[in-house]
Amino acid sequence: GTTIKLPAVVFGILAVILVWASINVTNCADGVDGLSGTLTIITLMSFYVLLNVLGVKDDFNYTILLFVICILGYLWFNATPSILLMGDAGSRAMGLFIAITALKSNSPLLYIPVALVLILDGGLGLLKVSLIRVFKVNIMKNIRTPLHDHVRKVWGWSNTQAVFRFAIIQIIICVAIIYGVSL
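Residues numbered from 1 in each chain as written. Predicted model: local features only at pLDDT ≥ 70, side-chain atom pairs only at ≥ 80, totals over all residues. Heavy atoms only, no water.

For the rest of this paragraph, the subject is the packing of helix α2 (residues 35–53) against helix α3 (residues 60–78). When two helices pack together, their arrangement is given by the angle between the helix axes and by the axis-to-axis distance. At a minimum axis distance of 10 Å, the contact between α2 and α3 shows a crossing angle of 160°. Our classification of the angle between α2 and α3 gives roughly antiparallel. Considering the relative orientation of α2 and α3, their crossing is left-handed. Of the residues in α3, those touching α2 at Gly37, Thr38, Thr40, Ile41, Leu44, Met45, Tyr48, Leu51 and Asn52 are Asn61, Ile64, Leu65, Phe67, Val68, Ile71, Leu72 and Leu75. Of the residues belonging to the contact of α2 with α3, the class tally is twelve nonpolar, five polar and no charged. (Axes fitted to C-alpha atoms, helices over the stretch in contact; angles between N-to-C directions. Helix = DSSP H or I, 4+ residues; strand = E, 2+ residues; numbered from the N terminus. Parallel < 35°, antiparallel > 145°, perpendicular 65-115°, else oblique. Left-handed = near helix turned anticlockwise from the far one by under 90°. Contact = heavy atoms within 4.5 Å. Nonpolar A, V, L, I, M, F, W, Y, C, P; charged D, E, K, R; others polar.)

In structure tokens form, the structure reads like this:
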């Protein structure tokens, strides 16, 4: 219920950071068949519900549904074993669309909990590489990144287990956020 007004320059800088982060974490999460697409669908559908709960009504809501339908068509052929890959162009487009959706929600900070599994999966890899390259520190040397590689190679999860378990975690978080916002 609180509104914070930011100067246009500050908002512009934060919007660029959001778009950059969303594009890159979504791209880094694209390493297991169906993972990035599934998490993107959960994130976008959560934003769709939140936009309706928050009373943000415009034609963009239908665009979210159309984008999700496109991803579903892609996932039909990307389930393990995949016969179709999206590559960087597709995963980056999904990240860009998530960022635009977060900005259109008028509550861009909702991006953090609504896309938390994407952020952790892809973002920890970005953080690890940045720490090593910039500060020459490797505090995450026992963690494989992205996290989907860690759970598959260290914990022994199959690709399907990684997709389903990450999706379940993201769904639980999103349901809690939707419930909390709707109170």
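The full count for this structure, using the stated rule, is four aromatic pairs. An angle of 25° between the planes, with centres 5.4 Å apart, marks the rings of Phe60 and Phe97 as stacked. Residue Phe60 is found in helix α3, and its partner Phe97 is found in helix α4 (residues 87–104); the two are separated by 37 residues along the sequence. Here the two residues Phe60 and Phe97 agree in accessibility, since each one is buried. When the centroid spacing of 4.1 Å and the interplanar angle of 10° are considered together, the rings of Phe67 and Phe97 count as stacked. A residue pair is termed long-range when its members are at least 10 positions apart, and Phe67 in helix α3 and Phe97 in helix α4 qualify at 30 residues. Looking at Phe97, the relative accessible area reads 11%, which means it is buried. (Phe/Tyr/Trp six-rings, centres within 6.5 Å; stacked < 30°, edge-to-face > 60°. Buried < 20%, exposed > 50% of the residue type's maximum accessible area, 1.4 Å probe, protein only.)

This next bit is on the nonpolar core. Membership of the largest hydrophobic core comes to 40 residues, with the highest contact counts inside it found for Leu44, Ile64, Tyr111 and Phe166. The biggest single contributor to this core is α2, with nine residues. Aside from chain neighbours lying at most four places away, what touches Tyr111 is Leu18, Ala21, Ser22, Val25, Phe47, Ile98, Ala102, Leu116 and Ile119. (Core = buried A, V, L, I, M, F, W, Y, C linked by side-chain atoms within 4.5 Å.)

With that out of the way, let us pick up the confidence of the model for the chain. With 99% of its residues at a pLDDT of at least 70, the chain reaches an overall mean of 92. Predicted confidence in the chain is weakest over helix α6 (residues 116–135), with a mean pLDDT of 90, and strongest over helix α5 (residues 111–114), with 97. (pLDDT = per-residue confidence, 0-100.)

To continue, consider α4. Taking 1.5 Å per residue, 18 residues should reach 26 Å; α4 reaches 26 Å between its end C-alpha atoms and fits that length. At its buried positions, α4 is contacted by α1 (8–28), α2, α3, α5 and α6. In the stretch just after α4, Asn106 is the one whose phi turns positive, near 65°. (Expected span 1.5 Å × (residues − 1).)

The subject of this paragraph is the pattern of salt bridges. A side chain with one charge may pair with a side chain of the opposite charge, provided their charged atoms come close. According to the stated counting rule, one finds two salt bridges in the structure shown. With a shortest N-O distance of 3.4 Å, Asp58 and Lys104 are connected by a salt bridge. Taken together, the residues Asp58 in the loop between α2 and α3 and Lys104 in helix α4 connect sequence positions 46 residues apart. On the accessibility criterion, Lys104 (34% relative accessible area) is partly exposed. (Salt bridge = Lys/Arg side-chain N within 4 Å of Asp/Glu carboxyl O.)

The next point concerns the environment of Ile98. Relative to the assigned elements, Ile98 resides in helix α4. Ignoring sequence-local partners within four residues, the contact set of Ile98 consists of Ser22, Thr26, Thr40, Thr43, Leu44, Tyr111 and Leu118.

Running from N to C, α2 and α6 point in directions that differ by 145°, and their axes come no closer than 9 Å. Along its contact with α2, which presents Leu35, Leu39, Thr40 and Thr43, the element α6 presents Val117, Leu118 and Asp121. Tallied by class, the residues present in the contact of α2 with α6 amount to four nonpolar, two polar and one charged.

Let us look at the environment of Leu116. Position of Leu116 among the secondary structure elements: in helix α6. Sequence separation between Leu116 and Thr26 is 90 residues, and the spatial gap between their C-alpha atoms is 11 Å. With residues near it in sequence (within four places) discarded, Leu116 still touches Tyr111, Gln170 and Ile173.

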